[in-house]
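Chain and residue survey
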Amino acid sequence: MTLSAEQEDRASGEPVRSLLETVALAPDWAEAFRAVPRSWFLPDLVWAHDMASGRSAPVSRSRDPEGWERVAYANVPLVTQWDDGAHTGTESGTVPTSSASMPSVVAAMLRDLDVSDGTRVLEIGTGTGWNAALLAHRLGSGNVVSVEIDAAVAERARGALTRAGLRPEVVQGDGGEGWPDGAPYDRVIVTAGVRAVPPRWLEQTRPGGIILAPWGTHYSDQDALVRLTVGEDGRASGPFLRMVEFMKLRDQRLDWDRFRDYVPDFPGDADVSSTQVALAELGERYETVRFVTGLCVPDCAHVVNRSSDAPGAGKAWFFDLSSRSWASVVFPGEGEGLDATVYQSGPRRLWDEVEGALVWWRGRGRPGLERFGLTVGGDGSARGWFEDPAEPLPANR
């Protein structure tokens, strides 16, 4: 594959320099990013995603070649598939299901993967194939295996990799199963948000190897990058590095329809109380408090319906994933003496747990994400911890 003079300048110039300046790109990855530009792996139609608004705008290479090239080299995420491939047309679909991540996110994850010559890597989620191409260029195609669940996505990635002169093994299958034929691996890198670390990943990683994955709870759609080191006993443990945002592994997406019958008649027989917690204290989209609450209140999903009637007004819902317990908090808005009304139903007191987690977090000085970590058992069970793996969170005591 060859580039025009202008494209060559773009691929080897400003984008790489910008990534180096932000410290997202480690110097030993710079040559791979110059040699394997993201544009080689993009389809003719992409949707440029705006992180601030949450909207995605279509950009067609045939209709707007300059615009397409601009977003191809920009530090923005690009949606490449909607609704598991069922979507057609140029307008955005309902759920984005495959994408090309922001170059800065790709660069930072490859830096954190900490590879060297001869490192053998399993990638979960091939997507466009660009990440696999960077790995193959750096480590050699024979040291890289990438697993993609979507047959059409996998086929397109193989074609792009072949055109780039790279031949890592691309397997079409369930990423949760890994790829035992190529094990053991020194590194596993996951490019989809996960709510559970499958035991197969631990089994297929050598002791001392690393699993780098965007992990989160069903409490929110947040992901935090966790760097797990696999031990001799088959467990893995490590710290959270930073917040990221990824499309979720297909079989770990939360089905909100499961909660439709939880509350047939609100408030029904729910117990009623009050709280002085304000809606803002639950946290916004990227705030650490939401992620920590999810760590402390396991097996719980929550959603907030904000009201336009008054600042701070709205209703928060909490649902237990393993029973029919639920809670709802009605926030009247900002103002002195305006306590929120709490409704709780079922054997599990979900709001009490959430409020307890908020009190615990505030009492420790509102610690940042980097002070938390995760330990995963050989059976896939996960336990969050604070500052030290031996210091469990309130939910684990």
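Here, every reference points to the structure presented above.
Read on for a plain summary of the structure. (Residues numbered from 1 in each chain as written. Predicted model: local features only at pLDDT ≥ 70, side-chain atom pairs only at ≥ 80, totals over all residues. Heavy atoms only, no water.)

**Brief notes about the pairing of strand S10 (residues 223-230)**
Within S10, six of the eight residues are buried, which leaves the element mostly enclosed by the surrounding structure. Two elements, strand S9 (residues 205-215) and S10, share six bridges in a ladder whose sense is antiparallel. Pairing of tryptophan 215 across the sheet is with alanine 224, part of S10. Looking at chain direction, S10 and strand S11 (residues 236-244) are connected through six bridges and run antiparallel. By the bridge assignment, valine 226 is partnered in S11 with phenylalanine 240. In this antiparallel pair of consecutive strands, S10 and S11, the connection spans five residues, and glycine 234 shows a positive phi of 90°. (Buried < 20%, exposed > 50% of the residue type's maximum accessible area, 1.4 Å probe, protein only. Helix = DSSP H or I, 4+ residues; strand = E, 2+ residues; numbered from the N terminus. Pairing = 2+ DSSP bridges.)

**A word on the packing of helix H5 (residues 103-113) against helix H6 (residues 130-139)**
Running from amino to carboxyl end, H5 crosses H6 at an angle of 40°, the nearest separation of the two axes being 11 Å. In this view, H5 runs oblique relative to H6, as classed from their interaxial angle. Handedness of the H5/H6 crossing: right-handed. Along its contact with H5, which presents Pro103, Val106, Leu110 and Leu113, the element H6 presents Trp130, Asn131, Leu134 and Leu135. (Axes fitted to C-alpha atoms, helices over the stretch in contact; angles between N-to-C directions. Parallel < 35°, antiparallel > 145°, perpendicular 65-115°, else oblique. Left-handed = near helix turned anticlockwise from the far one by under 90°. Contact = heavy atoms within 4.5 Å.)

**Here's the deal with the sheet that holds strand S7 (residues 169-172)**
The strand order S7-S6-S5-S8-S9-S10-S11-S17-S18 describes an open sheet built from nine strands, whose pairing is mixed. Two strands in the sheet have a free side with no partner beyond their single neighbour: S7 and strand S18 (382-386). Direction aside, the axes of adjacent strands within the sheet are offset by 20° on average. Here strand S8 (residues 185-190) pairs with S9 via four bridges, running parallel. Looking at the pairing, valine 188 lines up with isoleucine 211 of S9. This element, helix H9 (residues 288-296), spans S9, S10, S11, strand S17 (372-376) and S18 of the sheet and lies at about 150° to S11.

**Quick word on the pattern of salt bridges**
Within the structure shown, the criterion is met by 22 salt bridges. For glutamate 155, the salt bridge is made with arginine 158, and the minimal N-O distance between the two is 3.1 Å. Of the two residues, glutamate 155 and arginine 158 are both situated in helix H7 (residues 151-163); the distance of three residues between them amounts to about one turn of the helix. In this structure glutamate 155 comes out as exposed when scored by relative accessible area, which is 51%. Given the relative accessible area of 29%, arginine 158 is considered partly exposed. Taking the shortest distance from any N to any O, the salt bridge between glutamate 353 and arginine 348 comes out at 2.7 Å. In this structure glutamate 353 comes out as partly exposed when scored by relative accessible area, which is 28%. Residue class for arginine 348 comes out buried when judged on its relative accessible area of 15%. Here the residues in one salt-bridge network are Asp84, Asp150, Arg250 and Arg253, joined through shared partners. (Salt bridge = Lys/Arg side-chain N within 4 Å of Asp/Glu carboxyl O.)

**Quick look at the packing of H9 against helix H10 (residues 350-363)**
Relative to each other, H9 and H10 sit at 120°, their axes nearing to 9 Å. As the angle between them shows, H9 and H10 are arranged oblique. The crossing of H9 and H10 is right-handed. Together, Thr288, Val289, Val292, Thr293 and Cys296 of H9 and Val354, Ala357, Leu358, Trp360 and Trp361 of H10 make up the contact between the two elements. A breakdown of the residues in the contact of H9 with H10 according to their chemical character gives eight nonpolar, two polar and no charged. (Nonpolar A, V, L, I, M, F, W, Y, C, P; charged D, E, K, R; others polar.)

**Focus: the sheet that holds strand S3 (residues 78-82)**
If you walk across this open sheet you meet the four strands as S2-S1-S3-S4, and the pairing is antiparallel. Two strands close off the open sheet at either side, each with one partner strand: strand S2 (56-60) and strand S4 (96-100). Put simply, the sheet's adjacent strands are angled 40° from each other on average, direction ignored. Two elements, S3 and S4, share four bridges in a ladder whose sense is antiparallel. When the bridges of S4 are listed, leucine 78 appears paired with alanine 100. Contacts between helix H4 (residues 65-72) and the sheet are confined to strand S1 (45-49), S2 and S3, with S2 contributing the most and set at about 125° to the helix.

Keep in mind these numbers describe shape, not what the thing actually does.
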